[in-house]
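Structural overview for review
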Amino acid sequence: MKAIKKILSFVLCLSLCLSMLTVAGAEGGKKKVVLWTWASGQFDAVQKGYFATHPDADWEFEEVIIDADDYLTKLQQGYASGGDMPDLLMGEIGWRASSFALGIWDNLEAEPYNFDRSTVLDYVPSVTSDAEGHVVGIENSQNPAFMAYKRDLAREYLGTDDPKELEAMFQTYDDYLTVGAQVYEKSNGTVTLFPGLGDVMTMMWMQRRDQCNMNADGDIEVSGKVKPILEYLQKARDAHIAGNLTIWSTQWYANYGQQNNILFPSASWSVTFQIEPNDPEGCAAGNWGGFSPAGGGYGWGGTCYGIYKNSEVKDEAWDFIKWCLLSVEGAQYMKGASFFTTLKEAYDDPAYTEGTRESFGDQQIYHFMMEDIASEIPSATISIYDSLVVDSMNMITEMMTADESLSADAAYDYFMEDLQMKVPDVTVK
Amino acid sequence: MAKWPWIFLSPFILSYLCFMLYPTVYSLFVSFTGWTAANILEKPYVGFKNYIRIFTADPLFWKAVGNTAKLMLMAMPLTIIAGLLMAVLMQNIRKGKQMIQTINFLPYVITPIAIGLLFAFMFDWNVGLVNTALVKIGLTDKNINWLGTPQHAPTVVALMIVWKNFGYFMVLYMAGLSTIPSDLYEAAKVDGANAAQSFFKITLPMLRPITVFVVINGVIGGLQLFDEAQQVFMGAGSNAVGGPMRSCLTVIWYFYDTSFKNNSRYGYGAAIAFSLFIIIAAVSLINVRVLNRKEDRL
């Protein structure tokens, strides 16, 4: 028995020592470029491409998955506590101004990066710059947004599935009201134009992305865009042009594969993240199409990448970003995932915007998104109050959906009161 | 002085100092600063400014306090009654007692995320089981938007709290019931008391210490309500903090949102946390005083 105990102790000690040696060995190995990301695997293909074309790159890429909702919090906590931080930072457009305000993003226009802002599309630097005006991030894609539609339902209820004819049919927002009411009546209430008021609100909100939520005095100034949106939402609700689904809910995703709605305000990434995973049958049949919505194409979403100011692998991280987001070669890899580079040079080659996707049949969807829609996108603005304003807007939209008696005026008053409660020290106009 | 007790106690003492006392004292210090994410490396001292604002000029804080109290008042009595009734019923069950006990206790150990999703699906506006059942039995002809209106959403959250906690209260009451001498019931029976009289005259008074414990702990837990409320709305896909019209925004949810989510004001968030501590301490003190006074009178 004693001998067994001795052997067991020896084996346990040995395994402990070996595991420690393994860890020590790993620590002494290749350099690591750490990326905190909520989009796991987004860089898989690009990574392979990078290492295939950079045989001298002696480092490893490591992804740490962080939920997008918690990302900013984790950055704040990690930085404030002196804990681990990523080398590559991500910034979502909804809260990136708050992230930039942390002062942890390196100025990419300075040494050793020397990024030249004239190489990217003109509207991009304004949304990738910090409060001092330095470019601190590189946008991963243009994110052109348009109106996706289901061809079979469009044929049945709108009489055509031709994108040009549909574009002509919906020239103004009032057209959605007129046609939407007819669709609702014709289908006995089973089909609506849009899945929910949240879709309509988001589209209208993004079309006004050039109006900053914060004015020059540091006050929140949103009444100019909130009021008309709420007034339209009331009309949209009363005309039954939208269903009652909450945007981003499980049902809302599943709804892409159902026959309840015709129009789906979508961004370029909606194709790979919402349409194709949720409507495989429709996509296999090429049942989707896209046209420019009333009010014009717009930008929706957006993620930029930057470098942590205290990173020890800045050169490696920058080399990677430069290749995948600022090179023609990398742009081809990103295109495969419906991410369209903001690098001007890539668009010199007409072949870059050519191509179809099975889900959109024979429509030249890439050309449509990158040439037709992208040219209509208004410049965007960001502010540290963006997430607070959008939170109140989401809540009011859900309320307008739920309460059919809630008027636009009452909703506006609720909105202003709610927003003011969250920031009592700031003037809300 | 003997050193061995200190050596054996040192792991606990060190852990307590590092992971309990230090964070608490540090949070108290932070609550007197204007530390924000926008100026993360500086913690300017602002004295009682945060506290003054919370108690005099922060309607959202008081809305959150009101919501928390409302949810607690809706859920607590039901949870206590359900727990007590189940415990009494358990006493009379012979077959399958352990299985029923386990089933009733399970919700208490299920993770709040799962509970949130479960209730979100059950109370879904379009395809929820509850609406389907209500329409089928004819109680309503139109689906009710349980999670989307400020009138109904608190009810769902309160039901969730009841469902989650009554099993735990049942176990506590069962422990209390096992300490009541059976000869009391036998004597009552001899005197001609029926079951209801025995319950109200013997069981309930004898369970008073358990009820005091359950009420005080329930109130403290209720004031700290957060994840259940948050998860049910997240499960329903809503992005709105605090549910429809902030009707389910609890104090801890408000603290979390202020400190780490939309506002990132650490100093103010810490002040909210300590304000809640003051409220919990005051409510607990009142609870103990009132319940003990009643006990003295008996």
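Remember, it's a predicted structure, so these values are computed and weren't measured experimentally.

**With respect to the overall build of chain A**
In terms of regular secondary structure, chain A is built from 17 helices and nine strands. Taking 22 Å as the expected radius of gyration for a compact globule of 429 residues, we find that chain A reaches 25 Å, a close match to that expectation. In terms of overall dimensions, chain A has a C-alpha envelope of 85 × 60 × 55 Å along the principal axes. Sorting the 429 residues of chain A into buried and exposed places 55% on the buried side. Element-wise, carbon and sulfur atoms account for 51% of the exposed surface of chain A, whose accessible area totals about 17800 Å². The average position of the 29 basic charges and that of the 64 acidic charges among the side chains of chain A differ by 7 Å.

**A closer look at the interface of chain B and chain A**
Contacts between the two partners involve 39 residues from chain B and, on the opposite side, 35 residues from chain A. In total, chain B and chain A occlude about 3000 Å² of area from one another, counting both sides; carbon and sulfur atoms represent 52% of this. If you look at where chain B meets chain A, you find two salt bridges. Of the charged contacts, one joins Asp418(A) and Arg246(B) as a salt bridge, the two residues approaching to 2.5 Å between their closest N and O atoms. Inspection of the chain B/chain A interface yields seven residue pairs in polar contact (both at pLDDT 80 or more). The element contributing the most residues to the side of chain B that touches chain A is helix H3 (residues 59–92) of chain B, with three residues. For the side of chain B that touches chain A, a count of residues per class yields 20 nonpolar, twelve polar and seven charged.

**Re helix H11 (residues 268–278) of chain A**
Every buried residue of H11(A) is accounted for by Ser268(A), Trp269(A), Ser270(A), Val271(A), Gln274(A) and Ile275(A). Buried residues in H11(A) make contact with strand E5 (144–150), helix H10 (250–254), strand E6 (263–267), helix H12 (280–284), strand E7 (288–291) and helix H15 (365–373) of chain A.

**Regarding the nonpolar core**
Counting residues in each nonpolar core, the largest one holds 71 residues, and the members touching the most others are Phe61(B), Trp146(B), Leu147(B), Val157(B), Val232(B), Phe233(B) and Tyr254(B). Leaving out residues up to four positions away in the same chain, Val232(B) has contacts with Gly116(B), Phe119(B), Ala120(B), Leu147(B), Val156(B), Val157(B) and Met160(B).

**Here we look at the packing of aromatic side chains**
Residues and elements named next belong to chain A. All told, the structure shown has 61 aromatic pairs over all chains when counted by the stated rule. Summarising the aromatic geometry, the rings of Phe-170 and Phe-291 are spaced 6.0 Å apart at their centres and angled 10 degrees between planes, so their arrangement reads as stacked. Of this pair, Phe-170 sits in the loop between helix H6 (163–169) and helix H7 (173–186) while Phe-291 sits in strand E7, placing them 121 residues apart in sequence. Judged on exposure class, the residue Phe-170 and its partner Phe-291 are both buried.

**Brief notes about a nonpolar patch on the surface**
Together, Phe12(B), Leu14(B), Tyr16(B), Leu17(B), Met20(B), Leu21(B) and Val25(B) make up an exposed nonpolar region whose accessible area comes to about 680 Å². Tracing the backbone shows Val25(B) in helix H1 (residues 4–30).

**A look at the domain arrangement of chain A**
All names here are of chain A. On domain assignment, one finds that chain A holds domain 1 (31–142 + 301–348) and domain 2 (144–298 + 361–422). Distance from the C-alpha centre of domain 1 to the C-alpha centre of domain 2: 29 Å. At the junction of the two partners, domain 1 supplies 20 residues and domain 2 supplies 21 residues. When domain 1 packs against domain 2, the two sides together hide about 1700 Å² of surface, and 65% of this comes from carbon and sulfur. Summed over the shared surface of domain 1 and domain 2, the number is zero salt bridges. Run the count over domain 1 and domain 2 and you get two residue pairs in polar contact (both at pLDDT 80 or more).

**A closer look at helix H5 (residues 151–158) of chain A**
Residue and element names in this part refer to chain A. Here H5 has its buried residues at Arg-151, Leu-153, Ala-154, Tyr-157 and Leu-158. The arc enclosing the buried residues of H5, seen along the axis, measures out at 160 degrees, which places them on a common side. Where H5 is buried, its residues touch E5, H6, H7 and E7. Of the residues trailing H5, Gly-159 is marked for its positive phi of about 85 degrees.

**So, the side chain of Lys225(A)**
Residue and element names in this part refer to chain A. Mapped onto the fold, Lys-225 is located in helix H9 (residues 223–238). At 6.7 Å, Asp-386 is the nearest oppositely charged side chain to Lys-225, a buried residue that forms no salt bridge. Within the structure, Lys-225 has its side chain in polar contact with the side chain of Asn-213 (distance 2.9 Å). When residues no more than four places from it in sequence are discounted, the contact partners of Lys-225 are Trp-205, Arg-208, Gln-211 and Asn-213.

**Notes on the environment of Asp130(A)**
All names here are of chain A. Here Asp-130 lies in the loop between helix H4 (96–100) and strand E4 (138–139). On the basis of relative accessible area, Asp-130 is assigned to the buried category, the value being 16%. Once the C-alpha coordinates of Asp-130 and Leu-166 are considered, the two residues, 36 residues apart in sequence, prove to be 40 Å apart. Apart from residues no more than four positions distant in its own chain, Asp-130 is found in contact with Phe-100 and Val-136.

**What to know about the pattern of salt bridges**
Residue and element names in this part refer to chain A. Tallying each qualifying case throughout the model produces 17 salt bridges over all chains. In this structure, Arg-151 engages Asp-161 in a salt bridge whose closest nitrogen and oxygen atoms are separated by 3.8 Å. Here the residue Arg-151 occupies a position in helix H5, and Asp-161 occupies one in the loop between H5 and H6, the gap between them amounting to ten residues. Look at Arg-151 and you get buried, because its relative accessible area is 11%. Across the pair Arg-237 and Asp-238 runs a salt bridge whose closest N-O atoms are separated by 3.3 Å. According to the relative accessible area criterion, Arg-237 is buried, its value standing at 10%.

Calculation criteria
Residues numbered from 1 in each chain as written. Chains lettered and ligands numbered in written order. Predicted model: local features only at pLDDT ≥ 70, side-chain atom pairs only at ≥ 80, totals over all residues. Heavy atoms only, no water. Helix = DSSP H or I, 4+ residues; strand = E, 2+ residues; numbered from the N terminus. Rg over C-alpha atoms; globule rule 2.2 N^0.38 Å. Buried < 20%, exposed > 50% of the residue type's maximum accessible area, 1.4 Å probe, protein only. Areas by Shrake-Rupley, 256 points an atom, 1.4 Å probe, with all protein chains shown as cover. Lys, Arg positive; Asp, Glu negative; His and termini not counted. Charge placed at Lys NZ, Arg CZ, Asp CG, Glu CD. Contact = heavy atoms within 4.5 Å. Buried area = accessible area lost by both parts, 1.4 Å probe. Salt bridge = Lys/Arg side-chain N within 4 Å of Asp/Glu carboxyl O. Polar contact = N/O pair within 3.5 Å; in protein donor to acceptor, adjacent residues only side chain to side chain. Nonpolar A, V, L, I, M, F, W, Y, C, P; charged D, E, K, R; others polar. Core = buried A, V, L, I, M, F, W, Y, C linked by side-chain atoms within 4.5 Å. Phe/Tyr/Trp six-rings, centres within 6.5 Å; stacked < 30°, edge-to-face > 60°. Patch = residues over 30% accessible without salt bridge, like charges linked within 9 Å, V, L, I, M, F, W, Y side chains within 5 Å. Domains from an automatic or database assignment. Arc of directions from axis to C-beta.

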